[in-house]
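# What the coordinates show
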Amino acid sequence: MARIFRIPFSVPEKLRKALVRRRLLVSQRVAMTVYWLSARRRRHAGKIELIVWALAVVISLVVWRPLQAWLGALLDPVGAAALRGLISTVGAAMIGATAIAASFILFALQVNVERLPHGLFRHFSSDRKLIASVAASLLLAIAGTTLSLVADAGHLATIVLVGILALLLILRLLYFAYRRSLQLIDPTQQLQLIYSRMARDLQRTSSRLDTMSTLVELEENPPARRIESKFDTRRAIVLQANPNWTVDVKTTVGQAAAYARRAGENGDLEVSAVALSMIVNLNAAYVQTKGRTFFSNQLLIDNPLVTDGVFNEALENLRRLSAVALTRRDELQLEQIFNTMDALVNVFCRIGYANDHDSKSHALLAAGYLESAVEAVLPSGLTDTVMRGLQAIGRSSNHFVQASASQEATSLIKKIAAIGCFGAIKPDQKPIALVAMEELRDLTLSILRSEDHDSGFALRQLREAVSSVARTFLQMPDAIFGGHATYLAPYYSVTTQTSLCSTLTQLGNALAEREAGDALASRVIDHLEIWADGLFHSQKDLLLLSVEKRSPFFFDIAHWIAHVSEVLLFVASVPAAREHARGELRKHAHWLASTLSWIPVDVETAKFVEGWSHRDNMTDLALQCRRLGEAETYQAVERIMFNWALEAGKHHTGWDTLSQWLLAVAGLALTSGDDNDATMLKGRLTTKLALADAPNQEMRDRAARCLREAANEVRQREFEIDRVRQLLSSGENAATRLLLTEMANILSPGTKDEPVRLVV
């Protein structure tokens, strides 16, 4: 068998990569060109078709004379008669083809008669476009047949060209009738047709209102009595004179709700989604048409004009639809309804009232319907649906925040907290509490970054909501997996990138890049100061409750307190912070960090606390305060550490509390840069040991031995992990050994001559 030899051919690597890159670039450009052409074709389909028909007519006129000469020379009188017979036969066939188009009407009638209400059935059964296409195709077929009556041989080209154009046009009309009949029986297309008709009516109504408003004459008020208002009085007068103009809008909203209900019963969620989105779009178009003629609720004033029939119709239909879906336990349609209510809240938040600071009355009404709908699902045990409802409530709250009306989102915030507490109580519905904490976290960040100048009340309510969910959860028994820390992590975790702590850090870094006088940064800092005001109250309660319940959540809350204190101190030092905000942030950080001094010092609590890296957390906080130049907070943290060393160090905790915390305090004193700190530390230690409640001599002796061993181990370590050991080895070794030895001698003078255990 003959062997086939191939000529070796190798392409250089650079050339190969260049060819591959070029091929990918060409493929990308071809794909983009195809997409651009298809998009233009869909957008300008009518214009393109009109141009094609115009070209066909022009070509017919151009070829008429040559065709007439060719047919006259080709066909004798017998051939001309045969051509007219052919035209007659084709025309008769086209007349028969129109019967097919007529059957499309019957098909649409038969399908729609069983599933449409009478009003819509009559509308879709008398579709003008479908009937016109059938009539036009019939007339064209008859006209094409009459061409066979032309006996003059001088018009053969006219007969052929007109017959061909008529045939093509009849086929196009039949295709249109086919497509139109499919649209008339497709629920999504039916909804689109209904919405298009109503949208056109609203647009025409808006144009008429603009015209008629200019004809309304208003009595001018004297300048002294004139009140600044954006209310469109002329438009309101015209609308009040025509109160029935909203009847068609309400009818259309009811029709869309009927479609959604039937689609839900049949499990057709695609149609249900289209119908519900149509309700939102109709309300948006209605709001735009009505303009600034809405009234809002005023304090101590009952204004009947606040009520809007279209809004009530939409919300009531959604309420009834949610009740029916809940009866069927249709989770997917319930989620669609929640999202629709949320979208309506967004639409209503954009309503223009007489004044920009008026209450968002209609948005609050829609939010109330959403709250009731989600709350009604709670007893059913549909946990996932409740979670989706919570997310919808969270988005609705954010709509108020984006509309600079965060104070009006407090009812939604309380509802999120209440549902979160319900999830915390029910063992099988704990994920609800997790979603509640996620939404409260997102709302906190949204309000901090909002443009609202009156966010204090909302921030305080939000802070209380978070605290209530956390307290309720801590009252429940903890679990090894999925315990308190897991479900409260979105707000209190310090180890995840999506938690509040991580986002606050990113926010602080972004604020540090802004220059002094930046209005946006200053407003965010002011919001942060308002949020931090009184924060220590709720966090102290959570800290003590986590200790009482011996919950692993103590690690999160203790580190959260330290981290947030660091963020507040850091933001207080950025250039964009105002002088008042600087002082307040420092004060709030100082008080928040001081909550760590409330931890009880009994033996069981000390054992529990020591197992959660409490010493490292406090050491890091003290170092961060010193790095930021916050001497007052640093001294408070260092004092907390020193007191904990002497008070918790009285007990046998198994963690060498007395010696380990004294090492941390000594490391802080040695690295402070002030030689007096070490001297003051020794003096404070001597004074504290002289008190009656000081650690007993046995505990002192053990701590003294540990300090001497630590002094003997002091050296430069390249791969040291322990933070305290890093501090002790970062200064002069001789000074470190001296301080540790002197502190050991103060603790236990009787053991100063004992040999020190050498560590190899």
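Being a predicted model, the structure only gives us computed values, none of them experimental.

## Focus on the overall build of the protein
The secondary structure content of the protein amounts to 32 helices and zero strands. When each of the 760 residues of the protein is scored for burial, the buried share is 46%. Within the structure as shown, the protein displays about 39100 Å² of accessible surface, and the carbon and sulfur contribution to it stands at 58%.

## A closer look at the environment of asparagine 617
For asparagine 617, the location among the structural elements is in helix H26 (residues 614-627). Separated by 106 residues in the primary sequence, asparagine 617 and arginine 723 have C-alpha atoms spaced 9.8 Å apart. Excluding anything up to four places from it in sequence, asparagine 617 contacts Ala558, His559 and Ala562.

## Overview of the environment of alanine 710
Considering the arrangement of structural elements, one finds alanine 710 in helix H30 (residues 697-713). Here the alpha-carbon distance between alanine 710 and glutamine 660, two residues 50 residues apart in the chain, equals 9.8 Å. Dropping the residues within four chain positions of it, alanine 710 is found in contact with Leu663, Arg725 and Leu740.

## What to know about the nonpolar core
In this structure, Tyr492, Leu504, Trp531 and Trp560 are the most contacted members of the largest nonpolar core, which totals 180 residues. Ranked by residue count, the leading element in this core is helix H23 (residues 553-572), at 13 residues. Contact partners of tryptophan 560, with chain neighbours within four places excluded, come to Tyr491, Tyr492, Val494, Leu500, Cys501, Trp531, Leu535 and Gln539. Met94, Ala97, Ala141 and Ile170 belong to the second-largest nonpolar core, a separate cluster that totals five residues.

## A look at the packing of aromatic side chains
The full count for this structure, using the stated rule, is 16 aromatic pairs. Plain terms: the ring middles of tyrosine 286 and phenylalanine 311 are 5.6 Å apart, the flat faces sit at 85° to each other, and that makes the pair edge-to-face. Residue tyrosine 286 is found in helix H10 (residues 269-290), and its partner phenylalanine 311 is found in helix H11 (residues 309-328); the two are separated by 25 residues along the sequence. A single burial state applies to tyrosine 286 and to phenylalanine 311, both of which are buried. Plain terms: the ring middles of phenylalanine 294 and phenylalanine 311 are 5.6 Å apart, the flat faces sit at 10° to each other, and that makes the pair stacked.

## A few points about the packing of helix H16 (residues 430-448) against helix H21 (residues 519-532)
The geometry of a pair of packed helices is captured by two quantities: the angle between their axes and the separation between those axes. Look at H16 against H21: their axes get within 8 Å of each other, and the N-to-C directions meet at 130°. As judged from the angle between their axes, H16 and H21 are oblique. Of the residues in H21, those touching H16 at Thr444, Ile447 and Leu448 are Val524, His527, Leu528 and Trp531. Each residue belonging to the contact of H16 with H21 can be placed in one class, and the counts come to five nonpolar, two polar and no charged.

## Observations concerning the layout of surface pockets
Put simply, the largest pocket is a space of about 450 Å³. Forming the boundary of the largest pocket are 13 residues, of which Glu49, Arg172, Phe176, Arg179 and Gln183 lie nearest the centre. Elements with a minimum of two residues in the lining of the largest pocket: helix H2 (45-74), helix H6 (156-185) and helix H7 (187-213). Take the lining of the largest pocket: its biggest share by element is six residues, from H6.

## Concerning H26
Across its 14 residues, H26 extends 20 Å between first and last C-alpha, which sits within 8% of the 20 Å expected from 1.5 Å per residue. Of the residues making up H26, those classed as buried are His614, Arg615, Asn617, Met618, Thr619, Leu621, Ala622, Leu623 and Cys625. If you follow the buried residues of H26, they end up packed against H23, helix H24 (579-594), helix H25 (603-610), helix H27 (631-647), helix H28 (657-670) and helix H31 (723-730). Within two residues after H26, glycine 629 carries a phi angle of roughly 80°, on the positive side.

## Structural notes on the pattern of salt bridges
Overall, the coordinates contain 20 salt bridges when judged by the stated rule. Between lysine 682 and glutamate 742 there is a salt bridge whose closest N-O contact spans 2.4 Å. With lysine 682 in helix H29 (residues 675-689) and glutamate 742 in helix H32 (residues 733-747), the pair connects residues that are 60 residues apart, well separated along the chain. For glutamate 742, a relative accessible area of 26% translates into the label partly exposed. The residue arginine 725 makes a salt bridge to glutamate 713 at a minimum N-O spacing of 3.8 Å.

## Some remarks on the packing of H16 against helix H17 (residues 456-475)
Two elements in contact, H16 and H17, have axes separated by 10 Å at closest approach and are oriented at 160°. On the basis of their axis angle, the class for H16 and H17 is roughly antiparallel. Like other packed secondary-structure pairs, H16 and H17 cross with a definite hand, here left-handed. Contacts from Lys430, Ala433, Met437, Leu440, Leu443, Thr444, Ile447 and Leu448 in H16 reach Ala458, Leu459, Leu462, Ala465, Val466, Val469 and Phe473 in H17.

## Concerning unusual backbone geometry
You will see that serine 404, though not glycine, has its phi angle at about 60°, which is positive. Mapping serine 404 onto the fold places it in the loop between helix H14 (383-402) and helix H15 (410-425). One non-glycine residue, arginine 550, lies in the positive phi region at around 55°. With respect to the helices, strands and loops of the structure, arginine 550 is situated in the loop between helix H22 (535-548) and H23.

## Focus on a nonpolar patch on the surface
A cluster of nonpolar side chains, Ile51, Leu55, Val58, Ile59, Val62 and Val63, forms an exposed patch at the surface whose accessible area comes to about 540 Å². Within the fold, valine 63 resides in helix H2. You can call valine 63 partly exposed: its relative accessible area is 32%.

Conventions and cut-offs
- Residues numbered from 1 in each chain as written.
- Predicted model: local features only at pLDDT ≥ 70, side-chain atom pairs only at ≥ 80, totals over all residues.
- Heavy atoms only, no water.
- Helix = DSSP H or I, 4+ residues; strand = E, 2+ residues; numbered from the N terminus.
- Buried < 20%, exposed > 50% of the residue type's maximum accessible area, 1.4 Å probe, protein only.
- Areas by Shrake-Rupley, 256 points an atom, 1.4 Å probe, with all protein chains shown as cover.
- Contact = heavy atoms within 4.5 Å.
- Core = buried A, V, L, I, M, F, W, Y, C linked by side-chain atoms within 4.5 Å.
- Phe/Tyr/Trp six-rings, centres within 6.5 Å; stacked < 30°, edge-to-face > 60°.
- Axes fitted to C-alpha atoms, helices over the stretch in contact; angles between N-to-C directions.
- Parallel < 35°, antiparallel > 145°, perpendicular 65-115°, else oblique.
- Nonpolar A, V, L, I, M, F, W, Y, C, P; charged D, E, K, R; others polar.
- 1 Å grid on protein atoms, 1.4 Å probe; cavity = no way out; pocket = protein on both sides within 12 Å on 5 of 7 lines; lining within 4 Å.
- Points joined across faces, edges and corners; volume = space filled by probe spheres on them.
- Expected span 1.5 Å × (residues − 1).
- Salt bridge = Lys/Arg side-chain N within 4 Å of Asp/Glu carboxyl O.
- Left-handed = near helix turned anticlockwise from the far one by under 90°.
- Patch = residues over 30% accessible without salt bridge, like charges linked within 9 Å, V, L, I, M, F, W, Y side chains within 5 Å.

Just distances and angles here, no functional claims.
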